[in-house]
Amino acid sequence: MRVKGAGPLRAHVPESELVLPAGSTLDALVARFSIPSEHPVVAMVDGKRSSLKNQLRDGSHVVLVTLLPGG
Amino acid sequence: MHAFVEKIAHIDLGAGAVSSREIPAQTWISYIGGSGLAARLFRDEADFTADALDPRALLIFLNGPLAGVRLSGASRLCAAARSPLTGAFADSSCGGYFAPALRHAGLGGLVFTGRAETPSLLFIDNDSIQIQDAAFLWGKGIEESTALIRAKYGQRARSLVIGPAGENMVPFAGIMHEAHHAFGRCGMGAVMGSKNLKAIVASAKPRDPELAHPGRVRELVKELTPRIKDFVMSQVLHEYGSPGNLEGHMHSGDVPIRNWTSNFNEEMAESLTGSTLTETYLTRAGTCAYCAVACKRIVKVDEGPFAVDEGPGPEYETVAAFGSLLGSPDLAAVCKANRVCNDLGMDTITAGATIAWAMEAFERGDLTLEQTGGVSLEWANMRTVIDTLLPAMARREEGIGALLAMGSAAAARAIGGGAIDYTAQCKGLEAPMHDPRGGGHGHALAYAMSPRGACHVSSAMHYMETGACNYPEIGFEFNLEALTDEGKPETMMLAAAMGCIENSACLCQYADRTFTIPEIVELFNAAAGYGYDAAAMVEAGYRVFHLKRCINYLLGFTAGDDALTPRMLEPARDGDPAGIEIRFDDMKARFYELMDMDPEKGVARAARLRALGLQDEADAIWPGIS
Ligand code: SF4
């Protein structure tokens, strides 16, 4: 699977290819990175919002996004 | 009773007369200050038969009770009037340095009426308030005018200035402060122009404001400042500015593209986001008075067709309005468009949104080359936007300039057909750059219920729905899913009250994000002696919200105007929210019910108004009903 961080999460989640144990959840993926806890993290999996409780699928493209408002 | 606030100056520009008066302490306490007190003054003193640009119209500037306190984000200034763009009561907020400057002169606000015979400015110092000749500024852009004011009145002079768009009464003309900070929304600059008032200059010797409990205020500032500074949102704002999370917003479907026809574009997500701005054109961060966040951008584009000298850079709203909304990924063009638009003195949101609407109309054939005077309105044609459209709009040049200078709703009505359906506005105010279809369905409710029209800062919904703040003391802890209507009407109640509190206090919604309810209460009490508890403060927020709704009803608005256009509600075509519908009518009906509002009039019922102390409004709207 591929993962990257968007916006302020770019600094914490470099674009990379990862292999995770079968059945891993998005929560486990997020835990691999040192994202400050104040960021309300949302995962976009293949362009769709996904609960962090969901399991990852092979070949997914995950973009981690913070809901930090602004503007 | 004494509230630690300053007196208000009245300036009758027609008569050339200046006077000042105290506002009773209880009125400050009941309406907080800023936009709430402005609504009270407008309701009591405005002639409701006068349209926005009539000489009889009022133009009000008001500080909040914290102005001049050395706390981040506590010194914004409110401007209020009937909006020439919407016809509704409107307020607009500006950061920078003018609010403390006004307080240094011993003033809490200014109320203008009348029209000066010749171009004028108001000069304020410690000893006097004078109406002076402004012929030397008339016709000049904001940057030149601001520099001339500095040269004439000295480095200490702080100014509010209108540009050519304000002079020409473009209904979305703004007022600029130090050529950087803006009263952008709702056309306050046109109201100033209608009064022949080019500038307001304050040059008083700095002094500490008189506070109820100065020691406690100092302690609060000491406690809050490190927290504000360390908060992750403040750090992102400082490092990357308000566009800092544009890329994240784009991935979640929050950033409108090409006049809201799409809300996902990976190229634009990368090219327009705040970190790209920091890496390419940022020279340094700027700030507002006493603010430790320093989120403002100072930029320079060295070369290329959109080269621009070092100066104020774009905010998130402007990046999206002159970037993604026009289908352009070009950040240099955004920097240039921002400077040009600001120098002409126009709201970048309405200007960008109106041009985006026109580009779609052109693509559809609803707007022809004949109507545009031969100007081709292709998506992303930023040369045409910057060199042709913006100056023509500010001058209201016959043809495309005059058409777009009306704003998108009026322009769409002028060309007819179904063009109104693909505007993105409520009550005639163009929506900000957060798409409820992806950003969160609560935004749709917030836009519709905002008294001034589609707006994400009138309430705190933007922050509450995205989880940036919790208010457990008043029953709100973040647990919302963005793309449903669940919990949104309930959240909107508190969001409406909190937005009214923030805007009446003239607090910056970035800097105050970590404040708890008890801390906000204590700030009011320590600084201004308001004697609030949490319930009284929240009640004041509701009072302000309902008063503004009553004013709009008395100006002719009803529940039918709390509507979004089909474009804003149709299922999005791209990205995550594709196909998801917003259950807007259900949310609206539930919100009305929760707020005890009449579903036809769009205002609170008599008993609720009376309970809030809005007796006159209850009598006017619900005669004979207790
Ligand atoms: S956070 Fe930004 S906009 Fe708010 S007061 Fe500070 S510098 Fe001004």
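About the cut-offs
- Residues numbered from 1 in each chain as written.
- Chains lettered and ligands numbered in written order.
- Predicted model: local features only at pLDDT ≥ 70, side-chain atom pairs only at ≥ 80, totals over all residues.
- Heavy atoms only, no water.
- Helix = DSSP H or I, 4+ residues; strand = E, 2+ residues; numbered from the N terminus.
- Contact = heavy atoms within 4.5 Å.
- Lys, Arg positive; Asp, Glu negative; His and termini not counted.
- Charge placed at Lys NZ, Arg CZ, Asp CG, Glu CD.
- Polar contact = N/O pair within 3.5 Å; in protein donor to acceptor, adjacent residues only side chain to side chain.
- Expected span 1.5 Å × (residues − 1).
- Bend = angle between axes of the 7 residues up to and from the residue.
- Buried < 20%, exposed > 50% of the residue type's maximum accessible area, 1.4 Å probe, protein only.
- Buried area = accessible area lost by both parts, 1.4 Å probe.
- Salt bridge = Lys/Arg side-chain N within 4 Å of Asp/Glu carboxyl O.
- Near = heavy atom within 4 Å.
- Nonpolar A, V, L, I, M, F, W, Y, C, P; charged D, E, K, R; others polar.
- Core = buried A, V, L, I, M, F, W, Y, C linked by side-chain atoms within 4.5 Å.
- Domains from an automatic or database assignment.
- Pairing = 2+ DSSP bridges.
- Axes fitted to C-alpha atoms, helices over the stretch in contact; angles between N-to-C directions.

The number of helices and strands found in chain B is 27 helices and 17 strands. Across chain B, contacts joining residues at least 24 apart in sequence account for 68% of those joining residues at least 6 apart. Taken as two groups, the 54 positive and 77 negative side-chain charges of chain B have centres that lie 6 Å from each other.

Residues and elements named next belong to chain B. Assignment of secondary structure puts Ser 450 in the loop between helix H19 (441-449) and helix H20 (461-465). In terms of polar contacts, Ser 450 uses its side chain to reach the side chain of Ser 458, at 3.1 Å. Beyond its immediate sequence surroundings of up to four residues, Ser 450 is in contact with Lys 427, Cys 455 and Ser 458.

Quick look at helix H15 (residues 382-395) of chain B now. Residues and elements named next belong to chain B. In a regular helix each residue adds 1.5 Å, so 14 residues correspond to 20 Å; H15 covers 19 Å between its end C-alpha atoms and thus fits that length. Roughly 35° is the biggest bend found in H15, and it falls at Leu 389, with proline Pro 391 one to four residues downstream. Counting buried positions along H15 yields ten of 14 residues, so the element is predominantly enclosed. All of the buried residues along H15 are Met 382, Thr 384, Val 385, Ile 386, Leu 389, Leu 390, Pro 391, Ala 392, Met 393 and Ala 394. Looking at the packing, one finds that the buried side of H15 touches helix H5 (164-167), helix H13 (331-344), helix H14 (348-364) and helix H16 (400-404). Phi for Arg 396, located one or two positions after H15, is positive at around 50°.

Here the focus is the interface of chain A and chain B. Interfaces are often sized by the accessible area lost when the parts come together. On the chain B side, the residues contacting the 20 residues of chain A number 31 residues. With both chains or domains summed, chain A and chain B bury close to 2200 Å², and 54% of this area falls on carbon and sulfur atoms. For the pair chain A and chain B, the interface holds three salt bridges. One salt bridge connects Glu270(B) with Lys4(A), and the closest N-O pair in it is separated by 3.3 Å. Put simply, chain A and chain B have nine residue pairs in polar contact (both at pLDDT 80 or more) between them. At the level of elements, strand S4 (48-50) and strand S5 (61-66) of chain A are the ones that each hand at least two residues to the side of chain A that touches chain B. Looking at which element gives the most residues to the side of chain A that touches chain B, the answer is S5(A), with three residues.

To continue, consider the site of the ligand. Lining the immediate surroundings of the ligand are Gly73(B), Thr287(B), Cys288(B), Cys291(B), Val293(B), Ala294(B), Cys295(B), Lys296(B), Cys508(B) and Tyr510(B). Across the shell around the ligand, the residue classes break down as seven nonpolar, two polar and one charged.

What follows concerns the nonpolar core. The biggest cluster of nonpolar side chains holds 220 residues, and the ones touching the most others in it are Phe61(B), Leu110(B), Ile200(B), Phe322(B) and Leu390(B). In this structure Phe322(B) touches Ser328(B), Val334(B), Ala337(B), Asn338(B), Cys341(B), Thr348(B), Ala351(B), Gly352(B), Ile355(B), Met382(B), Val385(B) and Leu390(B), once residues within four positions along its chain are discounted. Membership of the second largest hydrophobic core comes to 17 residues, among which are Leu18(A), Phe33(A), Val41(A) and Leu64(A).

A separate point is the domain arrangement of chain B. All names here are of chain B. For chain B, the assigned domains read domain 1 (7-203), domain 2 (216-390) and domain 3 (431-621). Inter-centroid distance (C-alpha atoms) of domain 1 to domain 3 is 26 Å. Contacts between the two partners involve 38 residues from domain 1, matched on the other side by 34 residues from domain 3. For the pair domain 1 and domain 3, the two sides together bury roughly 3000 Å², of which 65% comes from carbon and sulfur. Contact with domain 3 buries surface across domain 1, with Ile 32, Arg 43 and Leu 66 losing the most and accounting together for 21% of the total. Connecting domain 1 to domain 3 are three salt bridges. Arg 43 is the salt-bridge partner of Glu 617, the closest N and O atoms lying 2.7 Å from each other. Across the domain 1-domain 3 interface, the total number found is 14 residue pairs in polar contact (both at pLDDT 80 or more). Elements represented by at least two residues in the side of domain 1 that touches domain 3 include exactly helix H1 (25-31), helix H2 (34-45), strand S3 (59-63), strand S4 (77-82) and strand S5 (89-94). Here the side of domain 1 that touches domain 3 gets seven residues from one element, more than from any other, and that element is H2. Residue classes in the side of domain 1 that touches domain 3 are distributed as 19 nonpolar, 13 polar and six charged.

Attention shifts here to the environment of Asp366(B). Residues and elements named next belong to chain B. Topologically, Asp 366 is positioned in the loop between H14 and H15. In this structure the C-alpha to C-alpha distance between Asp 366 and Asn 381, which are 15 residues apart in sequence, comes to 18 Å. Residue contacts for Asp 366: discarding those within four places in its chain leaves Ala 361, Gln 371, Ile 415 and Tyr 422. Within polar-contact distance, the side chain of Asp 366 engages the side chain of Tyr 422 at 2.6 Å.

A separate point is unusual backbone geometry. All names here are of chain B. Phi angles above zero are rare outside glycine, and Ala 380 is one such case at about 65°. The topology assignment puts Ala 380 in the loop between H14 and H15. Backbone geometry at Lys 427 places phi at a positive 60°, although glycine is not the residue there. By the secondary structure assignment, Lys 427 is in the loop between strand S16 (425-426) and strand S17 (429-430).

In this section: the pattern of salt bridges. Think of it this way: side chains of opposite charge can pair up when their charged atoms draw near. Residue and element names in this part refer to chain B. Considering all chains together, one arrives at 44 salt bridges over all chains under this definition. Between Arg 185 and Asp 347 there is a salt bridge; the shortest N-O distance is 3.1 Å. With Arg 185 in the loop between strand S11 (181-183) and helix H6 (188-194) and Asp 347 in the loop between H13 and H14, the pair connects residues that are 162 residues apart, well separated along the chain. It is possible to trace a salt-bridge network through shared partners that takes in Arg 40, Arg 43, Asp 44 and Glu 617.

Attention now goes to the sheet that holds strand S8 (residues 129-133) of chain B. Residue and element names in this part refer to chain B. Read across the open sheet, the six strands follow the order S8-S7-S12-S9-S10-S11; overall the sheet is mixed. Sheet topology places S8 and S11 at the edges, where each strand pairs with a single neighbour. The average angle at which neighbouring strand axes cross in this sheet is 20°, direction not considered. In the sheet, strand S9 (residues 158-161) pairs with strand S10 (residues 175-177) via two bridges, with the strands oriented antiparallel. By the bridge assignment, Val 161 is partnered in S10 with Met 176. Running over the sheet, helix H4 (residues 142-153) touches strand S7 (120-124), S8, S9, S10 and strand S12 (197-202) and is turned about 145° from S9.

Further remarks concern the sheet that holds S4(A). Residue and element names in this part refer to chain A. As summarised here, the arrangement of the five strands in space is S2-S1-S5-S3-S4, forming an open sheet in which the pairing is mixed. Strands at the two margins of the open sheet, each flanked by one partner only, are strand S2 (16-17) and S4. Bridge count between strand S1 (residues 2-5) and S2: two bridges; the pairing is antiparallel. Of the residues in S2, the one forming a bridge with Val 3 is Ser 16.

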